[in-house]
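# Structural overview for review
Spelled out, the chains give:
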Amino acid sequence: MASIKKKSSGGGGANWMDTYGDMVTLLLCFFVLLYSMSTIDTKKWEWIVQQFNKDYSPTEPVEPGPSVSGSTSGGNELPATQVDEAMDELYQFLKSYAQNNTDASISVSQGDGYVFISFDDAVFFDGNSSQIRPEGAAILDALIPALTKAGPFIDELEVLGHTAQATPYGPNPTLADRNLSCLRASEVASYFQDRIDGESLDPGRLVAKGFGQWRPVADNQDSVQKAKNRRVEMVVTGRNLEDHMQDKFQQYYTMYKTTTGQATGGSE
C-alpha cells in the first residue's frame, strides 16, 4: 500500500508576520514624521517654500534684513502691556505740559495705541521759513526726556508738516509749497534725531512727511485761520510687541528683502 506524504509548507505559517512587521515599521515611521512636524521652524519652512515658489512673500523675514545703525529690537523683550503704559504716560506728560504752558499752543489727544500732538506753526517757524525758532526749540527740548523714556516702545514717530494757502486767488506754487512743508517736518525730525539717544529711539523710526496746504483745518480766509493751518503735528504710535511684524520698521525691511533679494544694505 502506497504511503501518503504530507506536502511541505516550507514554514509558511509564520510568513504573515513579515508583512505585519513591515506595516508596524511603516506606522512607526509615519508617527515619527508627524511628531517631527509638530514643531516647525517657521523661517526654515518659508525658506523651503520660497525655493519652489519664487513669488512667495513670507510673513516674516527669511533672513536678516539690511544692516541698520542703532538698536532695532528696543522693547521687544518687554511685556506688551508696558507699551500701553508707556503711551499713556507719554500722553499724560504732554497733556500736563500743554495745560501748564498755554503759550506753547499745543493740543494733545490719545487714540488706540497712539498719541497725536499738534503745534501752532507760528511758534516753531517764521513765515515762509523752515528754521526752528528759539521758542519752538524750547518746546522740543521739553518733550525730549519723555520721548527718550518712551523710545523702546515707539513703533514710529511721524512729524507732519503743513502750510497755509498764501493768497485767496489760488493754491501756492506746488514745488515751493511741498518743499516748505517737508523741510519743516524734516527740521523737527532732525532736531529729535540729534538729541535722542539712538539706542532708545532708532533714527529709522523717525519719519518726516510734508502735506503742503492740502490738509487744512481752517478755511484760509484770514490770518487767524491761516495760522491754524500753518502747523506741525506729531503722531507717536506704540509697538505691537506680541507680533513684531506689525512693527512698520520691521515690515519695511522685510519688504525690502523680499522685493530686492538683498540681505545687506548700504548707501552711495
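This text goes with the structure placed above it.
These lines cover the structure that appears in this document, whether it is placed above or below. Note that the structure is predicted; figures quoted are calculated from it, not measured.

So, how was this worked out
- Within every chain, residues take consecutive numbers counted from 1 along the sequence as written.
- In view of the model being predicted, local features appear only for residues whose pLDDT reaches at least 70, and side-chain atom pairs are presented and counted only at 80 or more, with totals across whole chains, interfaces and linings using the full set of residues.
- Derived side-chain values reflect all non-hydrogen atoms in the structure, with water molecules and hydrogen atoms excluded from consideration.
- The numbering of helices and of strands both runs from the N terminus, where a helix is a DSSP run of H or I of at least 4 residues and a strand a run of E of at least 2.
- Think of it in three bands: with a 1.4 Å probe and only protein chains considered, a residue is buried below 20% of the maximum accessible area for its type, exposed above 50%, and partly exposed in between.
- Contacts: residue pairs with any heavy atoms within 4.5 Å of one another.
- Computed with a 1.4 Å probe, the accessible areas rest on the Shrake-Rupley method; for each residue, only the protein chains presented here act as cover.
- Throughout, an axis means a line fitted to C-alpha atoms (over the contacting stretch in the case of helices), and angles, computed between N-to-C directions, take values from 0 to 180 degrees.
- Relative orientations are named as follows: roughly parallel for angles under 35 degrees, roughly antiparallel for angles over 145 degrees, roughly perpendicular for angles from 65 to 115 degrees, and oblique for any other angle.
- The crossing is said to be left-handed when, going from far helix to near helix, the turn is anticlockwise and less than a right angle, and right-handed when the turn is clockwise.
- Only four residue types enter the tally: Lys and Arg on the positive side, Asp and Glu on the negative side; His and the chain ends are excluded.
- Every case where a carboxyl oxygen of Asp or Glu lies within 4 Å of a side-chain nitrogen of Lys or Arg is listed as a salt bridge.
- Nitrogen and oxygen atoms within 3.5 Å of one another constitute a polar contact, given that in protein one can donate a hydrogen and the other can accept it, and given that sequence-neighbouring residues count only through two side-chain atoms.

### Some points on the overall build of the protein
For the protein, the helix and strand inventory stands at eight helices and five strands. Starting at the N terminus and ending at the C terminus, the protein contains elements arranged as α-α-α-β-β-α-α-β-α-β-α-β-α. Out of the 268 residues in the protein, the part that is buried amounts to 35%. Taking as baseline every contact in the protein between residues at least 6 positions apart, the subset at least 24 positions apart corresponds to 71%. Entry remark: accessible area of the protein is about 16,600 Å², with carbon and sulfur atoms responsible for 54%.

### Quick look at the environment of P168
As for its placement among the helices and strands, P168 is situated in the loop between β3 (154-161) and α6 (174-195). Put simply, P168 and D222 are 54 residues apart on the chain and 9.3 Å apart in space, counted from C-alpha to C-alpha.

### Thoughts on the packing of helix α5 (residues 134-150) against α6
Relative orientation and spacing of two packed helices are given, respectively, by the angle between their axes and the distance between those axes. Closest axis-to-axis distance for the α5/α6 pair is 10 Å, and the angle between their directions is 50°. Taken together, the axes of α5 and α6 lie oblique to each other. Crossing hand, α5 versus α6: right-handed. Every residue of α6 that contacts α5 at A137, L140, D141, I144 and L147 is listed here: V188, Y191, F192 and R195.

### Looking at the side chain of D177
Tracing the backbone through its elements, the reader meets D177 in helix α6. An unpaired buried charge is present at D177: no salt bridge exists, and R178, the closest side chain of opposite charge, is 5.4 Å distant. At 3.0 Å, the side chain of D177 and the side chain of N172 are in polar contact.

### Structural notes on the environment of V123
Tracing the backbone shows V123 in helix α4 (residues 121-124). The exposure class of V123 is buried, given its relative accessible area of 13%. The spatial distance from the C-alpha of V123 to the C-alpha of A137 is 9.3 Å, given a sequence separation of 14 residues.

### As for the pattern of salt bridges
Counted by the stated rule, this structure contains five salt bridges. Among the ionic pairs, R205 bridges to D155, the shortest N-O distance being 3.7 Å. Residue R205 is found in the loop between α6 and β4 (206-210), and its partner D155 is found in strand β3; the two are separated by 50 residues along the sequence. On the basis of relative accessible area, R205 is assigned to the buried category, the value being 0%. We classify D155 as buried; its relative accessible area is 5%. In this structure, the salt-bridge partner of K209 is E158, at a minimum N-O distance of 2.7 Å. Taken together, the residues K209 in strand β4 and E158 in strand β3 connect sequence positions 51 residues apart.

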